[in-house]
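Single-letter residue listing:
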Amino acid sequence: MTVDHDGQIRMDPSNPYAMARLVGLKDRFRVAFATDPDADRHGIVTASTGLMNPNHYLAVALDYLLTNRPDWRAEAAVGKTIVSSSLIDRVVDKRGHPLREVPVGFKWFVAGLFDGSLCFGGEESAGASFLRRDGTVWATDKDGPIMALLAAEITARTGRDPGEHYRRLTAEFGTPYYTRIDAPATPTQKARLARLSPDAIEASQLAGESITAKLTSAPANGAPIGGLKVVARTGWFAARPSGTENIYKIYAESFKDQAHLDAIVREAQAIVDRSLGP
């Protein structure tokens, strides 16, 4: 096991430092994959792109599954966490399935996968699961092996690896620029962030665009997201307090470019800091 950037060992199959040896297989195999020790998260390496960002692979997996599982119910929804890429939204909309955006945590997908009202549930941290070919329940927890084996199926059935499919999706829907950073916060500020109201956000613009939504509860079920999500036409950010450290996490995405993403992150931190106070 190779160490992370700070010398620590972390069993994260989507981490390029931890997966350095897996990435080394890129030029020997069309697809290589790994899971973490309890096999609930996946890491996918392709000959075309190397280690795939989890958001990118989720979009590819969905695009393939929604066009290659004819026995799935047309009304079955796709579940995603509120901090996952909006590329998923665009793919799901194109394929004609409903989308359910829920708070962070795979538990929000369990009931839907069990009764078949969800055909897929995925989160940005490389956890996902989906139904059997006949549309019945397979697993109600995130499952690394089925996502890894799906990468092999995609490659074998289409003749293109998931990295090549991702490039095709970006040509159609645009390239997402996504990041997650940590910002300092006191315990008091973290508690305020977890209880924040949309009315506390006075900003009307985000990186030069009008804000279209300020969310503190998930669109799919109204459950609190334990933080804030702010959405504009071509970008968004979400902020959530850490449960273990004196920090809050900022997730952000732009469909313009890296400079636009950087502006979203800067403004996100300013918006949150103003809302939290000293």
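Whatever comes next refers back to the structure up there.
What comes next concerns the included structure. Because the structure is predicted, anything quoted here is derived from the model rather than measured.

The rules we used
One numbering rule holds for all chains: residues counted from 1, following each sequence as written. Residue-level local features of this predicted model are given only where pLDDT is at least 70; pairs of side-chain atoms are given and counted only at 80 or more, and the full residue set underlies all totals for whole chains, interfaces and linings. Values shown for side chains rest on all heavy atoms present in the structure; no hydrogens or waters enter the calculation. Strand pairing is assigned whenever DSSP identifies at least 2 bridges connecting the two strands. A helix here means a DSSP run of H or I that spans at least four residues, while a strand means a run of E at least two residues long, and both kinds are numbered starting from the N terminus. Contacts are assigned to residue pairs with any non-hydrogen atoms lying within 4.5 Å of each other. Interaxial angle, 0 to 180 degrees, is taken between N-to-C directions of lines fitted to C-alpha atoms, where a helix line uses only the stretch in contact. Patch membership requires more than 30% relative accessible area and the absence of a salt bridge. Residues of like charge join within 9 Å; the nonpolar side chains Val, Leu, Ile, Met, Phe, Trp and Tyr join within 5 Å. Accessible areas in this description were obtained via Shrake-Rupley with a 1.4 Å probe; residue shielding takes into account the shown protein chains only. A pairing counts as a salt bridge when a side-chain nitrogen of Lys or Arg comes within 4 Å of a carboxyl oxygen of Asp or Glu. The buried label goes to any residue with under 20% of its type's maximum accessible area, the exposed label to any with over 50%, and the partly exposed label to all in between, with areas taken from a 1.4 Å probe on protein chains only. Only Phe, Tyr and Trp rings are paired, with Trp represented by its six-membered ring, and only when their centres lie within 6.5 Å; those with planes under 30 degrees apart are stacked, over 60 edge-to-face, the remainder tilted. Here, a charge over a ring is recorded when the distance from Lys NZ or Arg CZ to the ring centre is within 6 Å and its angle to the ring normal is within 35 degrees. Nonpolar cores are built from buried Ala, Val, Leu, Ile, Met, Phe, Trp, Tyr and Cys residues. Side-chain atoms within 4.5 Å join them into one set. In what follows, roughly perpendicular refers to angles from 65 to 115 degrees, roughly parallel to angles under 35, roughly antiparallel to angles over 145, and oblique to any angle outside these ranges. Gly counts as polar in this scheme, as do all residues outside two lists: the nonpolar Ala, Val, Leu, Ile, Met, Phe, Trp, Tyr, Cys and Pro, and the charged Asp, Glu, Lys and Arg.

### Side note on the sheet that holds strand β9 (residues 205-206)
And step 1. Taken in spatial order, the 6 strands line up as β8-β13-β12-β11-β10-β9 in an open sheet, and their pairing is antiparallel. Because the sheet does not close on itself, it has two edges, and the strands there are β8 (177-184) and β9.
And step 2. Against the sheet, helix α7 (residues 187-194) contacts β11 (224-232), β12 (235-241) and β13 (247-254), and its axis sits at roughly 125 degrees relative to β12.
And step 3. In the packing of helix α8 (residues 258-276) onto the sheet, contacts are made with β8, β9, β10 (209-217), β12 and β13, and the angle to β13 comes to roughly 145 degrees.

### What to know about unusual backbone geometry
And step 1. One non-glycine residue with positive phi stands out, namely A39, at about 60 degrees.
And step 2. Relative to the assigned elements, A39 resides in the loop between β1 (31-35) and β2 (42-46).

### Section: a nonpolar patch on the surface
And step 1. Taken together, M1, V3, I9 and M11 make up a surface patch of nonpolar side chains, about 370 Å² in accessible area.
And step 2. By secondary structure assignment, the location of I9 is in the segment before α1 (20-23).
And step 3. Taking relative accessible area as the criterion, I9 reaches 53% and is therefore assigned exposed.

### Details of the packing of aromatic side chains
And step 1. The full count for this structure, using the stated rule, is 4 aromatic pairs.
And step 2. Here the aromatic rings of F120 and F130 are separated by 6.5 Å at their centres, their planes lie at 5 degrees, and the arrangement is stacked. Within this pair, whereas F120 is found in strand β6 (residues 118-123), its partner F130 is found in strand β7 (residues 127-130), the two being separated by 10 residues in sequence. An identical accessibility class is assigned to F120 and F130; each is buried.
And step 3. Note on F130 and W138: the rings are 5.9 Å apart at their centroids and 85 degrees apart in plane angle, and the pair reads as edge-to-face.
And step 4. The class for F130 is buried, based on a relative accessible area of 3%.
And step 5. What makes W138 partly exposed here is its relative accessible area of 45%.
And step 6. What links up through ring pairs into an aromatic cluster is the set F120, F130 and W138.
And step 7. The residue whose ring lies beneath R90 is F255, and the NZ or CZ to ring-centre distance is 3.7 Å.
And step 8. The side chain of K229 reaches across the aromatic face of W236, ending 4.4 Å from its centre.

### What about the sheet that holds β2?
And step 1. Spatial ordering of the open sheet is given by β1-β2-β3, a layout of 3 strands whose pairing is antiparallel. Of all strands in the sheet, those with a lone pairing partner are β1 and β3 (50-51), marking the two edges.
And step 2. Strand direction decides the pairing type here: β2 and β3, joined by 2 bridges, are antiparallel. Of the residues in β3, the one forming a bridge with V45 is L51.

### Looking at the pairing of β11
And step 1. Pairing analysis gives 5 bridges linking β10 to β11, with the strands arranged antiparallel. Pairing of L215 across the sheet is with K229, part of β11.
And step 2. Of the pairings in the sheet, the one linking β11 to β12 comprises 4 bridges and is antiparallel in character. The residue of β12 that forms the bridge with V230 is F237.
And step 3. Between the end of β11 and the start of β12, which pair antiparallel, lie 2 residues.

### Considerations on the nonpolar core
And step 1. Core analysis: the largest hydrophobic core is formed by 40 residues, its most contacted members being Y57, L62, C119, F120, F130, M147 and L150.
And step 2. Only α2 (54-68), β4 (77-81), α3 (87-95), β6, β7, α5 (144-158) and α6 (162-173) provide two or more residues apiece to this core.
And step 3. In terms of residue count, α2 provides more of this core than any other element does, 9 residues in total.
And step 4. Beyond its immediate sequence surroundings of up to four residues, Y57 is in contact with H42, I44, M52, M147, L150, A151, I154 and P162.
And step 5. Formed by 25 residues, the second largest nonpolar core is a distinct cluster that contains A183, L261, A263 and I271.

### Thoughts on the packing of α2 against α6
And step 1. α6 packs onto α2 with a crossing angle of 85 degrees between their chain directions and a minimal axis gap of 9 Å. Between α2 and α6, the angle is such that the two are roughly perpendicular. Residues H56, Y57, A59, V60 and D63 of α2 form the contact with α6, whose participating residues are P162, H165, Y166, R168 and L169.
And step 2. Counted by class, the contact of α2 with α6 contains 6 nonpolar, 2 polar and 2 charged residues.

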